[in-house]
Amino acid sequence: MRKYFLVFSLLLSAFSIKAQDLKYYLPDNVSYNPAIPKPKDIIYHEVGEWHITHDRLVNYMKAVAAAAPERIKLETMGFTYEGRAQLLLIITSPKNHQRLEEIRQQHLLLSDPNRSASVNIDNMPIVAWIGHSIHGNEPSGANASLLSAYYLAAAQGKQIDELLDNVVILFDPSFNPDGLQRFSTWANQHKSKNLVSDPNSREFNEVWPGGRFNHYWFDLNRDWLSAVHVESQNRLKWFHLWKPNILTDHHEQGSNATFFFQPGVPSRVNPLTSEKNQELTAKLGKFHAHYLDSIGSLYFTKENYDDFYYGKGSTYPDINGAIGILFEQASSRGHLQQTSNGLLSFPFTIRNQFVTALSTLEGAKTLRKEFLDWQREFYKKAVSQSLNPVAGYVFGDKNDETKTNLFVQMLLRHQIEVRELPDNWKDTDPMAIGFEKGKAFTVSLNQPQSTVIKAIFENIPVYKDSIFYDITAWNLPLAFGLPYKSFANQPAMTLGKKVEMVSETVGTFYGAKSDYGYLVEWDDYNSPLALYQLLNAGISVKVATGNFEIYASGNKKFNAGTLLIPVSMQSKSGDEIFKQLSDLTARYGIKTYSMGTGNSVSGIDLGSGKFIPVSKPSIAMIVGPGVNATDAGEVWHLLDQRMNIPSTHLEATVFNRIELNKYNTIIMVGGTYPDLNKDKLKTWVQTGGTLILTEEAVSWASQNGITDVKFKKAASAVDSASRLSYTDREQIDGAQQIQGAIFGADADLAHPLAYGYNQKTISLFKGNKVFMEKSKNPYATPFYYGNNPLQSGWVSKQNGDAIKNSAAVVVNTVGNGRVINIADNPNFRAFWLGGTKLFMNAIFFGRIIDAASGRTE
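These numbers come from a predicted model, not from an experiment. (Residues numbered from 1 in each chain as written. Predicted model: local features only at pLDDT ≥ 70, side-chain atom pairs only at ≥ 80, totals over all residues. Heavy atoms only, no water.)

(A) View of the overall build of the protein. Scanning the protein for helices and strands turns up 23 helices and 33 strands. Expressed along its principal axes, the backbone C-alpha trace of the protein runs to roughly 90 × 65 × 65 Å. Residues classed as buried in the protein amount to 61% of the 857 residues present. Considering only intrachain contacts with a sequence separation of at least 6, the fraction spanning at least 24 residues in the protein is 79%. Summing over all exposed atoms, the protein offers an accessible surface of approximately 32600 Å²; the carbon and sulfur share of this is 49%. (Helix = DSSP H or I, 4+ residues; strand = E, 2+ residues; numbered from the N terminus. Buried < 20%, exposed > 50% of the residue type's maximum accessible area, 1.4 Å probe, protein only. Contact = heavy atoms within 4.5 Å. Areas by Shrake-Rupley, 256 points an atom, 1.4 Å probe, with all protein chains shown as cover.)

Have a look at this one:
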């Protein structure tokens, strides 16, 4: 391996506090094409002197691509929420560029088991995706991309020619443009001419929410599998256009660490990840070690980080026939910081990232055939399901086509073949929920993407460890709240029609224009979206608090939660109401019924007092220091992107000084609220406000006298009389953390907070230790956990016992207002669509909950 190694200059100190020119970073035995612009020529400063802003990063990538068209092809994958370009540079040799599409098509054959055997890989280039800084405030990766791009464009000689002949590089300079821009602005505006290294300085302590996240305060490194956000969707499209063999994910960690590269903790590898994957990861690791040794950089492996959750950039490739590599560099956070290892400079962090990008490419070149062989073998094994009792899955919610279609859309992003329910589908389980053709779909495991399907549908059968870096369960049908089940091979079953794309859900308007009224079902995911549009248009709407049967194009049963739009006593004409409802029905895929009578066959009549007026929500959410930014971002994304509902974001200092009477709903998510005026908040609730609390905010409200919620406490994992080894503490204490698991809550379907649900068990995600006791009022706990609530994931016995028979949701009546206490996160990572109805019910119907059902005295 040494003969391939590039000798790096050691003339300058690794901890130099001055700006460095390119000699500090680049191999010193390489000549460079003078026609290629150096980074400083375009960005106007040396690499590492300032933090690169995304606009200047884009300018340099465009300039270097224009200067080296024979090596670089520039693509725009898409744009972020804030309109920033997501660039991809395709870098390879001139001769490869001349047949680039042919190379791509041949490479894709390796993932097709029916055709891969005949593919000759002797001269096939390996494909490596080099990705940087998915967390915006971990910027050394994106800054290092300036160096890598320059080197790959300008380096001359046999070494670079061999590399480019044998590797197609998919070069992603910034996974998270919006976050990078936010953080670079912060770091640069606080830089002093005389660099300040004190970690207490403002330069190293961002204001909330910080630059880690995207526009909606999401961690994009948890979004590879669910692909909720545009950045992830744009990237996945190109990932599957090429199906790389290697993907690097350049991160940063705590400032007092050194440098990490995979393999991670051996006992925390997902069972779907093969031993061969880990073997190749280790082989590649030898290149990283050799390169880092040569420049004197310390590093570690097999600690702290794992290969478990497939929603991360370093693990998603593992279920797609590739190897994901996580790099974690100790972060300077600014330009120079004092650490336990001494002064850590920004240029030093950048150099380590650059060096490991090169070590990855050298390893890819050297191990080319082994990686290509592995990709072919991976997909061959993926379709070998003859001994598996599960042949595939069927899923679909006949009452909620929108949510079903969103799930199908997610599957298609991963190149999963989805088919409509076949004509001769037969469910062998007489107790199973009925799946209807046109509203249900199947996925077979007999397809190349079967490993991804397993990662989405299956529960982890056995956990080898009890400590996890991230969540322990993510069963996506449970998260979406979709009925699903596995099926065995059915020889007589024909295949349904292949789904090529997801069509918009088609709404149905039963009947014609009415002079009496209209009913809208509440089951569909988009029903709250339509309700807000009606209320925002000034149309009065009521909600049924009881079931009924009435003539609506034939006798039909309607559930509590059904919306009534009476035509009389509206400020708008009958024609305007009809047009508005017709448009909303078509646009959002809801079901609307024209009514000619209010006289029900059974149950409540349309003129009953049990149809209660719905108020337009005016929402404020408390944000700022102490608040969990991702939890708040999930609410913001739900309301803004999915429901088209505006919400005001109030920091505690603003909350404390303003009048609150313009808001009828306040949301507080997980976190701490030490500076919030609790008396003012309680007074607002008492005067009729609806306060929605999730996770730790539930505990805060109880501790501060706003509610009287009581809590259970998990038993200790250690007997006080026992004597344990010092080294046991990490394992024992770590096992008592709840990183995230799925629990089934039993729901009172008659309660306003459960309107729109059609199954009694609702899957909720728990990643905290908020264990509420059931209310003494038998009507105040509409969602609760039973004796065996764990559906998927790992939880310690002590925590599991505390969750059993605890409350998931408790309602408190406080004066004239209501407090909705939700122990868990119903909006987790924006893919927990099964909790959306609960949350939107709290917003729209929280104030109609009968006062007596929430009192405990």
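(B) Seen up close, empty space enclosed by the protein. All chains considered together, the criterion is met by five cavities of 30 Å³ or more. As for the largest cavity, its lining consists of 15 residues, and the residues nearest its centre are Asp 400, Lys 403, Gly 756, Tyr 757 and Lys 837. Across the lining of the largest cavity, the residue classes tally to three nonpolar, seven polar and five charged. (1 Å grid on protein atoms, 1.4 Å probe; cavity = no way out; pocket = protein on both sides within 12 Å on 5 of 7 lines; lining within 4 Å. Points joined across faces, edges and corners; volume = space filled by probe spheres on them. Nonpolar A, V, L, I, M, F, W, Y, C, P; charged D, E, K, R; others polar.)

(C) Local environment of the sheet that holds strand E31 (residues 783–792). Within the open sheet, the nine strands sit side by side as E26-E25-E27-E28-E33-E32-E31-E29-E30. Their pairing is mixed. In this open sheet, the two strands that pair with only one neighbour each are strand E26 (647–651) and strand E30 (761–766). Taken over all neighbouring pairs, the strand axes of this sheet differ in orientation by 25 degrees on average, direction set aside. As defined by bridge partners, strand E25 (residues 619–623) adjoins E26 across five bridges and the pair is classed as parallel. Considered in E26, the bridge of Ile 619 is made with Ser 647. Sitting on the sheet, helix H17 (residues 629–642) is in contact with E25, E26 and strand E27 (665–668), with an inclination near 155 degrees to E25. Packed onto the sheet, helix H20 (residues 696–703) meets E27, strand E28 (690–694) and strand E33 (817–822) and runs at close to 120 degrees relative to E28. (Pairing = 2+ DSSP bridges. Axes fitted to C-alpha atoms, helices over the stretch in contact; angles between N-to-C directions.)

(D) Summary view of the packing of aromatic side chains. Applying the stated rule across the entire model yields 52 aromatic pairs. Ring plane angle 85 degrees and centroid distance 4.8 Å describe the contact between Tyr 81 and Tyr 216, whose orientation is recorded as edge-to-face. On the criterion of sequence distance, the pair formed by Tyr 81 in the loop between strand E2 (72–79) and strand E3 (85–91) and Tyr 216 in the loop between helix H7 (177–189) and helix H8 (230–242) is long-range, its members being 135 residues apart. A residue is classified by how much of its surface remains accessible, and Tyr 81, at 22% relative accessible area, is partly exposed. With a centroid separation of 5.7 Å and 85 degrees between ring planes, the pair formed by Phe 407 and Phe 457 is classed as edge-to-face. (Phe/Tyr/Trp six-rings, centres within 6.5 Å; stacked < 30°, edge-to-face > 60°.)

(E) Just the environment of Pro 782, in detail. Turning to its location among the elements, Pro 782 is positioned in the loop between E30 and E31. According to the relative accessible area criterion, Pro 782 is buried, its value standing at 1%. A C-alpha to C-alpha distance of 8.9 Å links Pro 782 and Pro 752, two positions 30 residues apart in sequence. Sequence-distant contacts of Pro 782, that is, excluding residues within four places in its chain, are made with Asp 746, Ala 747, Asp 748, His 751, Leu 753, Val 809 and Val 811.

(F) Geometry of the sheet that holds strand E12 (residues 392–395). Pairing is antiparallel across the open sheet formed by four strands, whose spatial order is E13-E14-E12-E15. Of all the strands in the sheet, the pair left with one neighbour each is strand E13 (419–420) and strand E15 (484–487). Two elements, E13 and strand E14 (residues 441–444), share two bridges in a ladder whose sense is antiparallel. Among the inter-strand pairings, Arg 419 is bridged to a residue of E14, identified as Thr 442.

(G) Quick peek at H8. Compared with the 18 Å implied by 1.5 Å per residue over 13 residues, the 19 Å span of H8 between its first and last C-alpha is a close match. Taken as a whole, H8 has its buried residues at Glu 231, Ser 232, Asn 234, Arg 235, Leu 236, Trp 238, Phe 239, His 240 and Trp 242. Directly after H8, the chain includes Lys 243, whose backbone phi takes a positive value near 50 degrees. (Expected span 1.5 Å × (residues − 1).)

(H) Expanded view of the pairing of E30. In terms of residue burial, E30 counts as a mostly covered element, since five of its six residues are buried. Bridge count for strand E29 (residues 741–747) against E30 is six bridges, and the pairing is antiparallel. Across the sheet, residue Ala 741 finds its bridge partner in E30, namely Lys 766.

(I) Structural detail: the pairing of E14. The pairing of E12 with E14 spans four bridges and is antiparallel. Counted as the bridge partner of Gly 392 is Ser 444 from E14.

(J) Representation of the nonpolar core in the model. Core analysis: the biggest nonpolar cluster contains 167 residues, and Met 668 and Phe 783 have the highest contact counts within it. Ranked by residues supplied to this core, first place goes to helix H23 (residues 836–845) with seven residues. When residues no more than four places from it in sequence are discounted, the contact partners of Met 668 are Ile 622, Tyr 673, Leu 676, Leu 681, Leu 691, Ile 692, Leu 693, Thr 694, Ala 697 and Trp 700. In this structure, Leu 26, Leu 87, Ile 160 and Leu 358 belong to the second largest nonpolar core, which totals 72 residues. (Core = buried A, V, L, I, M, F, W, Y, C linked by side-chain atoms within 4.5 Å.)

(K) Geometry of the side chain of Asp 524. For Asp 524, the position within the fold is in the loop between strand E17 (517–520) and helix H15 (527–536). No salt bridge is formed by the buried Asp 524; its nearest oppositely charged neighbour, Lys 591, is found at 5.7 Å. If sequence neighbours within four positions are ignored, Asp 524 has contacts with Asn 399, Asp 400, Glu 401, Thr 402, Tyr 588, Gly 589 and Lys 837. (Lys, Arg positive; Asp, Glu negative; His and termini not counted. Salt bridge = Lys/Arg side-chain N within 4 Å of Asp/Glu carboxyl O.)

(L) Molecular detail of the confidence of the model for the protein. For the protein, the average pLDDT comes to 94, and 96% of its residues sit at 70 or higher. Scored below 50 in pLDDT, residues 1–16 makes 49 contacts in the model with residues more than four places away or belonging to other chains. (pLDDT = per-residue confidence, 0-100.)

(M) Representation of the packing of helix H9 (residues 275–294) against helix H11 (residues 368–382) in the model. In contact at an axis separation of 11 Å, H9 and H11 are set at 165 degrees when each is read in the N-to-C sense. In terms of their interaxial angle, H9 and H11 are classed as roughly antiparallel. The hand of the H9/H11 crossing is left-handed. Where H9 abuts H11, its residues Lys 276, Asn 277, Glu 279, Leu 280, Lys 283 and Leu 284 lie against Glu 370, Phe 371 and Trp 374. (Parallel < 35°, antiparallel > 145°, perpendicular 65-115°, else oblique. Left-handed = near helix turned anticlockwise from the far one by under 90°.)

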